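Architecture and fold: a report
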Amino acid sequence: MQEHDVAIVGAGAAGLLAAIRAADRELSVVVLDKMSLPGRKLMITGKGRCNITNSADIDDFLMQVYPDGRFLYPAFKKFFSYEIIGLLEECGVESMLERGGRYFPKSEKADDVVDALYKKALKNGVNFIFNAKVNKIHYNNNDEVSGIEYVEGSKMKTLDVFNVIICTGGKSYPGTGSSGDGYVFARDAGHKIENLFPVLVPLETKEMHAAEMQGLTLKNINAKVLINGELKHEEFGDLLFTHFGLSGPVILTISRNVVYALDKGNDVKIQIDFKPALDVEKLDARVMRDLNENGKKKIGNLFRKLLPQKAIPVFLNVLSLDENKLANQISAVERKAIVELLKGMDFTVVGHRGFKEAVITAGGVCLKEINPKTMQSKLKKGLYFAGEVLDLDANTGGYNLQIAFSTGWLAADSI
Ligand SMILES: Cc1cc2nc3c(=O)[nH]c(=O)nc-3n(C[C@H](O)[C@H](O)[C@H](O)COP(=O)(O)OP(=O)(O)OC[C@H]3O[C@@H](n4cnc5c(N)ncnc54)[C@H](O)[C@@H]3O)c2cc1C
């Protein structure tokens, strides 16, 4: 006699939604999480504000997903952004819409989202076991799930179950409990794991310029990715200089291509355009006007009209300009160099901050071996996967959480 219809491994975004749906369907559900609280990663999403989902329609949503969003179509058809917003509202968490179609809880507290989902699951009768690290999934001779093995405190325990939903997340921010255990369960079951790599991750650069501008945020700049000198990708957005290199939304967005190219041993440069609103001619005219109208001013002071204070010493240094040089002493060649640097300061990428600081893990359980209509493994009966453990990742904007919510829901709906 099985003790539970379904065991869910992981009480994160996917696990909580799976638990709510499974219990709704009157299945007996147990959720095990190795942490002492549910949703540890959820709590830090959106800088503690939780970008729950995005208002994009399904087709636009799928365009944001790698390597192939089409896998998610059945999951999104069943449970999409309207559904998670509606479910949270039912639980007393109202949402608000921000720039870029991003939904956040009105309270701006990720904890409220976790609290609401956890309480809803408890109310539905879900049994949670915390500080319980699942080590193994058992199968019978017919390749059907028969149970799980876990450690609670120092005790090894087992549970007999018909179905297991693996919702263990990826490998990024391992301090939240998501340290890649799901890939081991998948491999044990015979599944292929597509190459894992960190994405939405800050980048380390060679030059000292970034460190010298540490703490400076530039709004809506343009960042180009040059791979072996060829322009491969560009994005607009906010950038943050750090002691190790570059971070901020625009860098996280381009990091996918950068990490991939670095991995293949390519030379990767990020070129920052400090003045994306002006083309070279317009910027040149503007600089010329500034120089002409302020001939007696020192170039160091004149740069204040063009650049944030923290960037001025870096520009003077790269351009080998003395800050005390007067504007009317700047030659045409020097003016051209100023304009060129404003339109493109190069940063050589030497690495990235790894899984420890990556928002998402790319790669994961190979989608070809999972039924997209049910999230069930094609290799073992009763074994389901949901959330980041799958070979799916998306850009920032609430897309990643929706993937977890929808796949968790669909898995539980299919049992
Ligand atoms: C800093 C940060 C900010 C983010 N902000 C956003 C955002 O605003 N919007 C957005 O859409 N996405 C955001 N993301 C991504 C989003 O958090 C993840 O995509 C999402 O949490 C994945 O959900 P999941 O349920 O698959 O995994 P997780 O939420 O990572 O949950 C996995 C759970 O499994 C448990 N677990 C793992 N192994 C075991 C085991 N062996 N036994 C028992 N339990 C186990 C873990 O303890 C954990 O609780 C952010 C990520 C980070 C790191």
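Our structure's up above, just so we're on the same page.
Quick caveat: nothing in here was measured; it's all calculated off a predicted structure.

1. What to know about the sheet that holds strand E6 (residues 102-105)
With antiparallel pairing, three strands are arranged side by side in an open sheet as E3-E6-E5. Each having just a single partner strand, strand E3 (53-54) and strand E5 (95-98) make up the two edges of the open sheet. Bridge count for E3 against E6 is two bridges, and the pairing is antiparallel. From the neighbouring strand, Thr-53 faces E6, where its bridge partner is Tyr-103.

2. Things to note about the sheet that holds strand E14 (residues 230-241)
One closed barrel holds the six strands; their spatial order is E12-E15-E14-E13-E16-E17, and the pairing between them is antiparallel. Adjacent strand axes in the sheet meet at a mean angle of 45 degrees when their direction is disregarded. Both strand E16 (residues 268-273) and strand E17 (residues 345-352) contribute to a ladder of four bridges, which runs antiparallel. Pairing of Lys-269 across the sheet is with Thr-348, part of E17. Here helix H8 (residues 249-263) sits on the sheet and contacts strand E12 (203-205), strand E13 (217-227), E14, strand E15 (245-247), E16 and E17; the angle it forms with E14, its principal contact strand, is near 140 degrees. Across the face of the sheet, helix H12 (residues 332-343) comes into contact with E16 and E17 while running at roughly 110 degrees to E16.

3. Some words on the packing of helix H1 (residues 13-24) against helix H5 (residues 110-123)
At their nearest, the axes of H1 and H5 sit 9 Å apart, and the two run at 30 degrees to each other. As judged from the angle between their axes, H1 and H5 are roughly parallel. Between H1 and H5 lies a crossing whose hand is left-handed. Contacts between H1 and H5 involve Leu-16, Leu-17, Ala-19 and Ile-20 from the first element and Leu-117, Tyr-118, Lys-120 and Ala-121 from the second.

4. Points about unusual backbone geometry
A cis amide bond links Tyr-66 with the next residue in sequence, Pro-67, at an omega value of -5 degrees. By secondary structure assignment, the location of Pro-67 is in the loop between strand E4 (65-66) and helix H3 (73-78). Backbone geometry places Asn-131, a non-glycine residue, at a positive phi of 55 degrees. Positionally, Asn-131 belongs in the loop between strand E7 (127-129) and strand E8 (132-139). Judged by relative accessible area, which is 43%, Asn-131 ranks as partly exposed. The residue Asp-143 is not glycine, and still its phi comes out positive at about 60 degrees. Mapped onto the elements, Asp-143 comes out in the loop between E8 and strand E9 (145-152).

Rules used throughout
Starting afresh in each chain, residues are numbered from 1 along the sequence in its written order. In view of the model being predicted, local features appear only for residues whose pLDDT reaches at least 70, and side-chain atom pairs are presented and counted only at 80 or more, with totals across whole chains, interfaces and linings using the full set of residues. Heavy atoms throughout the structure, all of them, feed into the side-chain values; hydrogens and water do not. DSSP-based pairing: two strands are paired if at least 2 bridges between them are found. A run of H or I in DSSP counts as a helix once it spans at least four residues, and a run of E counts as a strand once it spans at least two, with each numbered from the N terminus. Between the N-to-C directions of two axes lies an angle of 0 to 180 degrees, each axis being a line fitted to C-alpha atoms and, for a helix, fitted only over the stretch in contact. Whether two residues touch is decided by their heavy atoms; if any such pair falls within 4.5 Å, the residues are in contact. Oblique is the label for every angle not falling under 35 degrees (roughly parallel), over 145 degrees (roughly antiparallel), or within 65 to 115 degrees (roughly perpendicular). In this scheme the crossing of two helices becomes right-handed for a clockwise turn of the near helix relative to the far one and left-handed for an anticlockwise turn of less than a right angle. The buried label goes to any residue with under 20% of its type's maximum accessible area, the exposed label to any with over 50%, and the partly exposed label to all in between, with areas taken from a 1.4 Å probe on protein chains only.

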